[in-house]
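Structural overview
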Amino acid sequence: LTQEREMIRHKRELLLDHATFAVTVVDEIFCRGSHTIEMFWHFAESCEVTLDGTRATVRRGGARLEMQLPQGLRCELVRGREAVPLGWVSRRFDQRSPTSTLLVQGTISGNARLVTRLELSIAEGSLAKIAKGAKRNPDRQDLGEPGVLARVYPDPANAPRPASAPSVPRPA
């Protein structure tokens, strides 16, 4: 008796609310059976992260990020865990520092739509400091769709490419 492996597809959309500048991350999982899923949100070691149920707050300087994590999943804040290592960052070879990681996990049965909402607020006067330190990416491509920041394609060969991008060989 052999067990056939099920094909699972994942699609992610990032949606920008132009009125509030909130970002909504929509993860869709397409499957027939029951599966355990995990999502990891990693933060710089200088961020202060707190978790209350499915609501996380991230603070650094004058900036605050509120995250509403997907309902129906277990959320855990991990920092510097040794057993099953999680919540670490390595800036140099053979050196590590504890940092915060949000672990969101659970079991789904059949197709699932998981929504995470991110709301950033910046104290007055802090925006100039943040903007001054930001680097522009000249390679960024506008998707041409209002409110959509990015799309994730499980198969890169099927993703649309900018005219200047090299072609991806397609499997025969």
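For the structure given in this document, a descriptive report is provided here. Values in this document were obtained by computation on a predicted structure and should not be read as measured data. (Residues numbered from 1 in each chain as written. Predicted model: local features only at pLDDT ≥ 70, side-chain atom pairs only at ≥ 80, totals over all residues. Heavy atoms only, no water.)

**A short note on the nonpolar core**
Burial of nonpolar side chains together is a common tendency in soluble globular proteins. Membership of the largest hydrophobic core comes to 22 residues, with the highest contact counts inside it found for Trp41, Phe43, Met67, Leu69, Leu102 and Val104. When contributions to this core are tallied by element, the ones reaching two or more residues are β2 (22–30), β3 (34–42), β5 (55–60), β10 (100–109) and β11 (112–122). If we skip the residues at most four places from it in the chain, Phe43 touches Val49, Val58, Met67, Thr99, Ser100 and Leu102. (Core = buried A, V, L, I, M, F, W, Y, C linked by side-chain atoms within 4.5 Å. Buried < 20%, exposed > 50% of the residue type's maximum accessible area, 1.4 Å probe, protein only. Helix = DSSP H or I, 4+ residues; strand = E, 2+ residues; numbered from the N terminus. Contact = heavy atoms within 4.5 Å.)

**Focus on the side chain of Ser100**
Considering the arrangement of structural elements, one finds Ser100 in strand β10. When its relative accessible area of 4% is taken as the criterion, Ser100 is described as buried. A distance of 3.4 Å separates polar atoms of two side chains, one belonging to Ser100 and the other to Arg79. (Polar contact = N/O pair within 3.5 Å; in protein donor to acceptor, adjacent residues only side chain to side chain.)

**Some remarks on the pattern of salt bridges**
A full pass over the atoms with the stated rule returns ten salt bridges. In this structure, the salt-bridge partner of Lys11 is Glu28, at a minimum N-O distance of 3.6 Å. With Lys11 in strand β1 (residues 9–17) and Glu28 in strand β2, this residue pair connects regions lying 17 residues apart in the sequence. Linking Arg117 and Glu119 is a salt bridge whose minimum nitrogen-to-oxygen distance equals 3.0 Å. (Salt bridge = Lys/Arg side-chain N within 4 Å of Asp/Glu carboxyl O.)

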